[in-house]
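# Coordinates in review
Single-letter residue listing:
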Amino acid sequence: MTDEKPALRLENIVKTFPGVRALDDVSFAVMPGEVHALMGENGAGKSTLMKVLGGILQPNEGRIFIEEESTIMTTPLDAKAKGVVFIHQELSLADELSVAENIFLGELPRKSFGRVDWGKLYEQTDAILKTLNVGFNARTRVGDLSIANQQMVEIARALTVDPRAVIFDEPTASLTDAEKVVLFDVIADLKSRGVGIVYISHRMEEIFKITDRISVLRDGQYRGTLETAKTDEDEVTQLMIGRSLDLSRNEEHREHGEVALEVRGLSCGDLYRDVSFKVHRGEVVGFYGLVGAGRTEIAETIFGLRDPSEGQILLDGQELRIHSPVDAIRHGISLVPEDRKGQGLVLGMNCRDNMTLPQVDDLTAGPFVSDGAEIAIFDQYRDKLDIRTPGWRQTVGNLSGGNQQKIVIGKWLSMHPNVLIVDEPTRGIDVGSKSEIHNLIRDLAGQGYAVIVISSEMPEVLHVSDRIVAMYHGRIMREFSAEEVTEDSLIQAISGIESEKVA
Amino acid sequence: MTKDTRANLVKQGAIWAFIVVELIFFTVAGNFMSVSEQSFIDFDNMLLLLKQSAPIGIIALGMTIIMINGNIDLSVGATFALSAIVLLDSMTWPIFAGLGDWVIPVSWTLALLTGVVLGAINGLIVWKTGVDAFIVTLGAMLGYRGLVFMYNGEQPTSHLNWTLVDFAEAQFLGLHTATWFLLGTALVLWLVMTKTVHGRNAYAIGNNREAAVNAGIRVGPHFLLNFMLIGFLAALSAVVFYSESGSVNPNDGMLYELWAITAVVLGGTKLTGGYGSIVSTLGGVIAIQLLRKGLGHIGADTETVNLVIGLILIAVLFLDRQLNRKGKEELKI
């Protein structure tokens, strides 16, 4: 394998966005017939790298080689024509069109006067589908297919050209175990045809099952490549997270105050059922579970974005009626949402206005907003949270992820909430800011706030929580105190294994 | 001063630079091509220009807020016409016969109320159904125009009140009544958008509605208020204009919505919401009126004027896109 030319090679790629160096001198190569895993935490630069590769973004520096020939990918179509094909995590298919039309979208075979050559279209499609061994045909409407089969359509689309490299981005995210087996067969088949495969995934078992080598990105930098057969999960994790991140278990023992928030028998349709828990003042409660376990939905219910079908929400022993965020905010319940840019910030607005947005009603002098009062609040929380920005006029969209998150947290802290819910506090944030945010969350609890942290990262949950609630399929499986929790029992709980359920 | 604020200043200044270019061009070109002896930058001519900008200008100022919200209102032209009819017709109603000139404030109030109610209908539908404002106000545009025709068929509705005409033709400090209304509206709305909570919320909602909801902003009532406001302004525009002219044709105000949107967009407000300024819209309004008058001054006919304005609008937006795209990622999908 070493004598061969790489199917695809990236050299010293640099990509910057305002305020962030998303890719910093990244090099990466995939050989023909190799399955090469690309790993890294959220925000490590994987998706940016793939966008550069796919012609969606242009790198500021660096070169791309296909079979050692330097090329420039101008558009996704151009990348495909050059033999680099993507199987995206989010499928981009037209539901109302047939499988064949989707596969040849934009490249339908034509007859004279621009008429579609349907015969040829279906013939070519069925030929490709045959090699994939699937149970549907060229004329099937895509909207009628399962997610797994839709993914097969995407793969079939990749095979309309003679691909040099196929990139799979979290392909198993929504597949069942049986469907995964089929997918892995297809990948093995591509591999045997000499196609280079880039496999992006967070799931270690898969990575160790199907890949040949593993390359790791961290904070936009290339951190090394490991031979899958000669490494283990620990080594990969260490490369991914780095030693700089302190994710030791939380071993503080603090006295907690009164119960601040209590939830009794809360249900919301199929999203979650019969959820009960308490959060004390001065305590961080971590919610851990797989994506889709209902954690975010519970947070949204408490914050008034969803109406529960049953159950009660109590604050300081008083039952609350919360039908909108307005109600929640009035009772001092605040939410730092999962999708910072989509739900938490008004990206086009400046830092100060973002921070004071929920309370600007109270910062008026006569009919007008008082600039001074606003700036005072901004300055206070900029210093308190160590937000690095040239000034309050800076547009929030130009800040780094960590500083953006601090603005969202500052927005609520400045209103002195009773309960602070933080959903995925460090998603897409670099390692340095991660520990700052973790420390901040611990500090807040120390100051007597009741804090709920929802996270999909186990080290994070273990690091910040005093108590951990494990969820599986919309149910609370178990509650752990920081002293008793072990990684094994936590994983079992969120996988639905009911071991020695404690009352 | 950060880079952002500087960039914003440049952007807001652009429309005024364009106005200066227009003035220079038409003055110079006018010297060679004009049929009249009068210079283009004649003081009276400019005062008249401001007065003529008022009807669409007042509507465009309101449209700015609607568009900063990320909405649009296509029904303003019909609202304008219906309010005008209420204004002129109500002055002839027998129940007001004993009021003498006191009928004027009564009719004004009725006309303005008409605008507010029509706007409120739009706003309530947008709030309660969640249907896109484009669709709702497209329906309203047709519906309200239908009401206009139901009122008096194809006939114009006319009534001249000489006290009112005197008021409308008056000049205070050189500026016409209509100009004062335009500038007054601009001042009030500028204060609202830059200094008040309502203005702040308008930008936040337009920029990221979900984040605005999460910050506890009541988006529905906010929309309702803004649709009532633009209804009021469409009616105010009608009140100002028809106080002088005294006769409404059922087709009056048609395409006003599009002229207003043109002025707003020319002023740099984004169709997607979240960005825009009242002052720049005022610039957009004046720029369009300058073009019309200027082209007329050098002998172009109405058809040519429309063609040129259309071309300039597209050119300006293309230029804006080019300038804005610099340093940002180009969309390729």
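Notes on the structure follow. Because the structure is a prediction, the values reported are computed rather than measured.

What follows concerns the overall build of chain A. Scanning chain A from terminus to terminus reveals 17 helices and 22 strands. Against the globule reference of 23 Å for 503 residues, chain A gives a C-alpha radius of gyration of 25 Å, in line with a compact fold. Referenced to the eigenvectors of the C-alpha coordinate spread, the extents of chain A come out at roughly 70 × 55 × 55 Å. Expressed as a percentage of its 503 residues, the buried residues of chain A come to 55%. Taking all contacts inside chain A whose residues are at least 6 apart in sequence as the whole, residues at least 24 apart take part in 65%. For chain A, the accessible area works out to roughly 21600 Å², and carbon and sulfur atoms hold 47% of it. When the 54 basic and 79 acidic side-chain charges of chain A are each reduced to a single mean position, those positions are 4 Å apart.

Our next topic: the packing of aromatic side chains. Residues and elements named next belong to chain B. Scanning the entire structure with this criterion turns up twelve aromatic pairs over all chains. Their ring planes at 50° and their centres at 5.7 Å tell us that Phe-172 and Trp-180 sit as a pair that is tilted. Residue Phe-172 is classed as exposed on the basis of its relative accessible area, which comes to 55%. Residue classification places Trp-180 among the partly exposed residues on the basis of a relative accessible area of 33%.

Residues and elements named next belong to chain B. Residues Val-20, Ile-24, Val-28, Phe-32 and Met-33 make up a contiguous nonpolar surface patch of about 530 Å² in total accessible area. Along the polypeptide, Met-33 turns up in helix 1 (residues 3-33). We classify Met-33 as partly exposed; its relative accessible area is 48%.

As a further point, take the nonpolar core. One finds Met63(B), Leu87(B) and Tyr242(B) to be the most contacted residues of the largest nonpolar core, which totals 98 residues. Ignoring anything within four residues of it in the chain, the contact list for Met63(B) reads Asp73(B), Val76(B), Ile230(B), Glu257(B), Ala260(B), Ile261(B) and Val264(B). Grouped together as the second largest cluster of nonpolar side chains are 63 residues, Val279(A), Leu315(A), Met355(A) and Tyr381(A) included.

So, on to the interface of chain A and chain B. Contacts between the two partners involve 39 residues from chain A and, on the opposite side, 23 residues from chain B. Together, the buried faces of chain A and chain B total about 2500 Å²; carbon and sulfur atoms form 58% of this surface. At the boundary of chain A with chain B, the tally comes to two salt bridges. The partner of Arg200(B) in a salt bridge is Asp353(A), and the shortest N-O contact between them spans 3.4 Å.

Here the focus is the sheet that holds strand 22 (residues 475-481) of chain A. Residues and elements named next belong to chain A. With respect to topology, six strands assemble into an open sheet ordered 16-19-20-13-21-22, the strand pairing being mixed. With partners counted over all chains shown, the strands left at the sheet margins are strand 16 (333-336) and strand 22, one partner each. In this sheet, adjacent strand axes meet at a mean angle of 20° when their direction is disregarded. Pairing of strand 16 with strand 19 (residues 419-423), which is carried by four bridges, proceeds in the parallel orientation. Paired with Leu-335 across the strands is Ile-421, a residue of strand 19. Packed on one face of the sheet, helix 14 (residues 401-413) meets strand 16 and strand 19 and runs near 175° to strand 16.

It is worth spelling out the pairing of strand 8 (residues 196-200) of chain A at this point. Residues and elements named next belong to chain A. In terms of residue burial, strand 8 counts as a mostly covered element, since five of its five residues are buried. Across four bridges, strand 3 (residues 35-39) lies against strand 8 in parallel orientation. Bridging from a neighbouring strand, His-36 pairs with Val-198 of strand 8.

For Glu68(A), which is not a glycine, the phi torsion comes out positive at approximately 65°. Within the secondary structure, Glu68(A) sits in the loop between strand 4 (61-66) and strand 5 (69-71). For Glu68(A), a relative accessible area of 33% translates into the label partly exposed. Non-glycine residue Leu173(B) carries a positive phi angle of around 55°. Within the secondary structure layout, Leu173(B) lies in the loop between strand 2 (171-172) and strand 3 (175-176). Under the relative-accessibility criterion, Leu173(B) is labelled exposed at 68%.

Rules and cut-offs
Residues numbered from 1 in each chain as written. Chains lettered and ligands numbered in written order. Predicted model: local features only at pLDDT ≥ 70, side-chain atom pairs only at ≥ 80, totals over all residues. Heavy atoms only, no water. Helix = DSSP H or I, 4+ residues; strand = E, 2+ residues; numbered from the N terminus. Rg over C-alpha atoms; globule rule 2.2 N^0.38 Å. Buried < 20%, exposed > 50% of the residue type's maximum accessible area, 1.4 Å probe, protein only. Contact = heavy atoms within 4.5 Å. Areas by Shrake-Rupley, 256 points an atom, 1.4 Å probe, with all protein chains shown as cover. Lys, Arg positive; Asp, Glu negative; His and termini not counted. Charge placed at Lys NZ, Arg CZ, Asp CG, Glu CD. Phe/Tyr/Trp six-rings, centres within 6.5 Å; stacked < 30°, edge-to-face > 60°. Patch = residues over 30% accessible without salt bridge, like charges linked within 9 Å, V, L, I, M, F, W, Y side chains within 5 Å. Salt bridge = Lys/Arg side-chain N within 4 Å of Asp/Glu carboxyl O. Core = buried A, V, L, I, M, F, W, Y, C linked by side-chain atoms within 4.5 Å. Buried area = accessible area lost by both parts, 1.4 Å probe. Pairing = 2+ DSSP bridges. Axes fitted to C-alpha atoms, helices over the stretch in contact; angles between N-to-C directions.

Note that every value here comes from positions in space, so none of it alone points to a role or purpose.
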